[in-house]
Amino acid sequence: MSTQAFTQGVQLNKGVHMPWLGLGVWKSKEGQEVISAVKTALQLGYRSIDTAAIYQNEEGVGQGLRESGVPRDEIFVTTKVWNSDQGYESTLRAFEASRKRLGLETIDLYLVHWAKPATYRETWKALVHLYKEGHVRAIGVSNFQIHHLQHVIEDTGVVPAVNQVEYHPQLAQKELLAFTRENNIQLEAWSPLMQGNLDHPVLSQLAAKHGKSAAQIVLRWDIQNGVVTIPKSVTAHRIRENANIFDFELSAEDMALVDSLNQNKRIGADPDNVPF
């Protein structure tokens, strides 16, 4: 598989290039497990890695980046500020801590992890400051509903570059996807593979038709919907399989079949009732 496939991506609203496909490292253990996953992904051609302070593996991600031998300027690195660190000054401190753990001077994308009601608006102002100071190349949010997005845009006049949300065939988020498109915000999918719950006749049918796995069908559906996707894995064969999605295309009929699976069903928390 050529590295060129992995560099296909989208121009974010401030002109920064973000690959369509990245490696998520949620639940990847700090130390050798996450180091190996990052190195494997980068050696296979991935050029985007997504972590967060709460994952407690930023140091390992940073080590994996360094040990991979891939030039820093070829890699797109995302991390996030956790809820307990939200607020203006505490977000600035959290950013410095993440940057130190990663061993990076500049972060490509920094996200507000959840719209914590009491603090997310001040947290966003801190991200705007970090962006204006040149410490981050792009800033965005995660798990924001339309009204959360509207609030931070009204407060600062700065439109988030990315909104990373739970997005998969059973939670297609049509209204949110339309809003982000209208406002030049890139939607990004976490848990795109429904935590492995892919046993569905429609996905099996499409996998057989295209000679692909159900996971590859779903990831292709993401990209054809214009949604960046970051499947997580720590095993080399799965990291490789998840990337093998650039040599086929779903028809309009195929896309409609996957769309038909939507149930507005969440695996994770409700962004309007953040329990942590």
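Residues numbered from 1 in each chain as written. Predicted model: local features only at pLDDT ≥ 70, side-chain atom pairs only at ≥ 80, totals over all residues. Heavy atoms only, no water.

**Some words on the side chain of Thr119**
Right, on to step 1. With respect to the helices and strands, the residue Thr119 is situated in the loop between strand S6 (107-112) and helix H5 (120-132).
Right, on to step 2. Overall, the relative accessible area of 19% leaves Thr119 in the buried class.
Right, on to step 3. For Thr119, the contacting residues outside a window of four places in its chain are Gln86 and Gly87. (Helix = DSSP H or I, 4+ residues; strand = E, 2+ residues; numbered from the N terminus. Buried < 20%, exposed > 50% of the residue type's maximum accessible area, 1.4 Å probe, protein only. Contact = heavy atoms within 4.5 Å.)

**Side note on the layout of surface pockets**
Right, on to step 1. One number sums up the size of the largest pocket: a volume of about 630 Å³.
Right, on to step 2. Trp26, Trp190, Ser191, Gln195 and Lys232 are, among the 32 residues lining the largest pocket, the residues nearest its centre.
Right, on to step 3. The element that contributes the greatest number of residues to the lining of the largest pocket is helix H10 (residues 236-243), accounting for three residues.
Right, on to step 4. For the lining of the largest pocket, the class distribution of residues is 16 nonpolar, 11 polar and five charged. (1 Å grid on protein atoms, 1.4 Å probe; cavity = no way out; pocket = protein on both sides within 12 Å on 5 of 7 lines; lining within 4 Å. Points joined across faces, edges and corners; volume = space filled by probe spheres on them. Nonpolar A, V, L, I, M, F, W, Y, C, P; charged D, E, K, R; others polar.)

**Things to note about the environment of Ala5**
Right, on to step 1. Here Ala5 shows up in helix H1 (residues 3-7).
Right, on to step 2. The buried category is assigned to Ala5, whose relative accessible area is 9%.
Right, on to step 3. Ala5 sits 241 residues away from Phe246 along the chain, and the two C-alpha atoms are 6.4 Å apart.

**Observations regarding the pairing of strand S9 (residues 186-190)**
Right, on to step 1. For S9, the buried fraction is high: five of the five residues fall into the buried class.
Right, on to step 2. Burial along S9 is two-sided: the face carrying Gln186, Glu188 and Trp190 and the face carrying Leu187 and Ala189 are both buried.
Right, on to step 3. Where the polypeptide runs from strand S8 (residues 162-166) across helix H7 (residues 174-182) and back to S9, its parallel neighbour, the crossover connection is right-handed.
Right, on to step 4. As paired elements, S9 and strand S10 (residues 228-229) share two bridges and run parallel to each other. If you follow Ala189 over to S10, its bridge partner there is Thr229. (Right-handed = clockwise from strand over helix to strand, strands pointing away. Pairing = 2+ DSSP bridges.)

**Topic: the packing of helix H8 (residues 201-210) against helix H11 (residues 252-259)**
Right, on to step 1. Running from N to C, H8 and H11 cross one another at 155 degrees; their axes reach a closest spacing of 9 Å. With respect to H11, the axis of H8 lies roughly antiparallel. The element H8 and its partner H11 pack so that their crossing is left-handed. Only Asp254, Leu257 and Val258 of H11 make contact with H8, whose side of the interface consists of Val202, Leu203, Gln205, Leu206, Lys209 and His210. (Axes fitted to C-alpha atoms, helices over the stretch in contact; angles between N-to-C directions. Parallel < 35°, antiparallel > 145°, perpendicular 65-115°, else oblique. Left-handed = near helix turned anticlockwise from the far one by under 90°.)

**Observations concerning empty space enclosed by the protein**
Right, on to step 1. Under the definition given, this model contains one cavity of 30 Å³ or more.
Right, on to step 2. Considered as a void within the structure, the largest cavity measures approximately 30 Å³ in volume.
Right, on to step 3. Every residue lining the largest cavity is listed: Asn143, Phe144, Gln145, Val165, Glu166, Gln173, Leu176, Arg266 and Pro271.
Right, on to step 4. For the lining of the largest cavity, the per-class residue count stands at four nonpolar, three polar and two charged.

**Side note on the packing of helix H2 (residues 32-44) against H10**
Working note: a packed helix pair is described by the angle between its axes plus the distance between those axes.
Right, on to step 1. Their axes nearest at 10 Å, the elements H2 and H10 cross at an angle of 40 degrees. In terms of orientation, H2 lies oblique with respect to H10. The element H2 and its partner H10 pack so that their crossing is right-handed. Facing H2, whose interface residues are Ala37, Thr40, Ala41 and Leu44, H10 presents Ala236, Ile239 and Arg240.
Right, on to step 2. Of the residues belonging to the contact of H2 with H10, the class tally is five nonpolar, one polar and one charged.

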